[in-house]
Amino acid sequence: GTGGPDGLKGADIPPASRVIAACEAYLTARDRRSSNDHLLVLRRIAAGAGTRFDPWVIAALRSALDRRASGSGGERSA
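Heads up: these notes are all about the structure in this document.

About the cut-offs
Residues numbered from 1 in each chain as written. Predicted model: local features only at pLDDT ≥ 70, side-chain atom pairs only at ≥ 80, totals over all residues. Heavy atoms only, no water. Helix = DSSP H or I, 4+ residues; strand = E, 2+ residues; numbered from the N terminus. Buried < 20%, exposed > 50% of the residue type's maximum accessible area, 1.4 Å probe, protein only. Contact = heavy atoms within 4.5 Å. Areas by Shrake-Rupley, 256 points an atom, 1.4 Å probe, with all protein chains shown as cover. Core = buried A, V, L, I, M, F, W, Y, C linked by side-chain atoms within 4.5 Å. Axes fitted to C-alpha atoms, helices over the stretch in contact; angles between N-to-C directions. Parallel < 35°, antiparallel > 145°, perpendicular 65-115°, else oblique. Left-handed = near helix turned anticlockwise from the far one by under 90°. Arc of directions from axis to C-beta.

**What about the overall build of the protein chain?**
Of regular secondary structure, the protein chain possesses 3 helices and 0 strands. Going from the N terminus to the C terminus, the protein chain shows its helices and strands as α-α-α. Within the span of the protein chain, comprising 78 residues, buried residues form 18% of the whole. Partitioning the contacts of the protein chain with sequence separation of at least 6, the portion at a separation of at least 24 is 35%. Carbon and sulfur atoms make up 52% of the accessible area of the protein chain, which totals about 5,900 Å².

**Let's talk about the nonpolar core**
Among the nonpolar cores identified, the biggest contains 11 residues, and these are Ala22, Ala25, Tyr26, Val41, Leu42, Ile45, Phe53, Val57, Ile58, Leu61 and Leu65. For this core, the element with the highest residue contribution is helix α3 (residues 55-69), accounting for 4 residues. The residues touching leucine 61, leaving out its near neighbours within four places in the chain, are Ala22, Cys23, Tyr26 and Leu42.

**A word on the packing of helix α1 (residues 15-32) against α3**
Direction vectors running N to C along α1 and α3 enclose 50°, while the axes themselves pass 10 Å from each other. One way to sum up the angle between α1 and α3 is to call them oblique. The handedness of the crossing between α1 and α3 comes out as right-handed. Across the interface between the two elements, Arg18, Val19, Ala22, Cys23 and Tyr26 of α1 pack against Val57, Ile58, Leu61 and Leu65 of α3.

**Observations concerning helix α2 (residues 38-46)**
Within α2, burial applies to His38, Val41, Leu42 and Ile45. Take α2 and look down its axis: the buried residues cluster within an arc of 100°, on one side only. The exposed residues of α2 that point more than 90 degrees off its buried face are Arg43 and Arg44. Contacts from the buried residues of α2 go to α1 and α3.

The following block contains the structure:
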């Protein structure tokens, strides 16, 4: 790509923006699918790691989703 409107690429993109981009892609893809197969959606997004998405962000997203799926998401009850 061209790096968006500001021409930013790679490490020049703010970390928060990288996280938002990956999460937004995941949520958008999940909304398009009628099933709850998050692994299929995550695999499709992970295919863009290193080109479209920051590989570290994809790894962190995968880890968070895996913890949530296994029920050990660290969530506290009130």
